[in-house]
Amino acid sequence: PKRFEAYGWHVVRDVDGGGPRQVTQDGGNAENPTATPDGQWTVYSSGNPQKAGLWKIRPDGSGATHVVQGRVSLPDLSPDGRHVVCANAASDTLSVIDTRTDTVAETIWAKPSPADLFGAQPNALAFDPSGRTLYVANGTQNAVAVVAFAPAERESKLQGLIPVGWFPGALA
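Residues numbered from 1 in each chain as written. Predicted model: local features only at pLDDT ≥ 70, side-chain atom pairs only at ≥ 80, totals over all residues. Heavy atoms only, no water.

**Section: the sheet that holds strand β13 (residues 133-138)**
Formally: Only when DSSP finds a minimum of two bridges between them are two strands counted as paired. Runs of E in the DSSP output that reach at least two residues are strands. Runs of H or I that reach at least four are helices, and both are numbered from the N terminus. Where helices are involved, their axes are fitted lines through C-alpha atoms of the stretch in contact, as for all axes, and angles between N-to-C directions lie from 0 to 180°.
A sheet is described by the order of its strands in space; here four strands give the open sequence β12-β13-β14-β15, paired in antiparallel fashion. The sheet is open, and its two edges are formed by β12 (122-127) and β15 (157-163), each paired on a single side. With direction set aside, neighbouring strand axes in the sheet form an average angle of 25 degrees. Strand direction decides the pairing type here: strand β14 (residues 143-148) and β15, joined by six bridges, are antiparallel. By the bridge assignment for β15, valine 144 is matched with isoleucine 162.

See below:
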């Protein structure tokens, strides 16, 4: 099936043109649906206050699983599909979820030191093609954070910040 977002609802349309049909039941608040490489799941963030967090769901709408609770932004899958990362703007952290176990494998600080004042506000993510580097748009720091991504060893670490223009909000 071909996946797309329509008015905040995750919708699936069959390749043969059948459909479209709504998959999520979030009341129009499903954001940034991303299919796993094997096509078996879609991960998305929900902005619905009663269902806020990171979700995964099968293309037919079954198996909805609330993986991370609370407001998260723009989940992104690692190139190998093993991990999904979501930005937690309210805590200046990134949650790394193991897609095989639906558990948080690691939490990464999006600022140089956890003791720094609140305000990195990570809000967008992008992996390099190898999956070993993660770029994070830190809105209120006016910077892109560069993270060495190594969740299997629980050793992902912020390498530094690249200054950019005012409030970066997207990466490609």
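**Side note on the confidence of the model for the chain**
Detailed reading of the predicted model is not advised wherever pLDDT is low. Keep this limit in mind: Every residue carries a pLDDT, the predictor's confidence in it, which falls somewhere between 0 and 100. Contacts are assigned to residue pairs with any non-hydrogen atoms lying within 4.5 Å of each other.
When pLDDT is averaged across the chain, the result is 82; 85% of the residues are at 70 or more. Mean pLDDT values over the elements of the chain span from 43, in strand β1 (residues 2-6), up to 96, in β14. Predicted confidence for residues 1-9 stays below pLDDT 50, and this span has 36 contacts to residues more than four positions away or in other chains.

**Observations concerning the environment of leucine 158**
Residue position: leucine 158 is located in strand β15. Separated by eleven residues in the primary sequence, leucine 158 and valine 147 place their C-alpha atoms 4.3 Å from one another. With sequence-adjacent residues up to four places away left out, leucine 158 is seen in contact with Trp109, Ala110, Lys111, Pro112, Ala145, Val146 and Val147.

**Looking at the packing of aromatic side chains**
The description of two aromatic rings rests on the distance between their centres and on the angle between their planes. Stated formally: Pairing of aromatic side chains requires ring centres within 6.5 Å, counting the rings of Phe and Tyr and the six-membered ring of Trp. Pairs whose planes differ by under 30 degrees are stacked, by over 60 edge-to-face, and all others tilted. Only protein chains enter the calculation, and the probe is 1.4 Å; a residue is then buried if its accessible area is under 20% of its type maximum, exposed if over 50%, and partly exposed in between.
Taken as a whole and judged by the stated rule, the model has two aromatic pairs. Ring centres of phenylalanine 127 and phenylalanine 149 lie 5.0 Å apart, and the angle between their planes is 75 degrees; on these two criteria the pair is classed as edge-to-face. Residue phenylalanine 127 is located in strand β12, and its partner phenylalanine 149 is located in the loop between β14 and β15; the two are separated by 22 residues in the primary sequence. Each of the two residues, phenylalanine 127 as well as phenylalanine 149, counts as buried. Seen in terms of ring centroids, tryptophan 166 and phenylalanine 167 are 6.1 Å apart; in terms of plane orientation they differ by 50 degrees. Their pairing is tilted. With relative accessibility at 75%, the residue tryptophan 166 sits in the exposed group.

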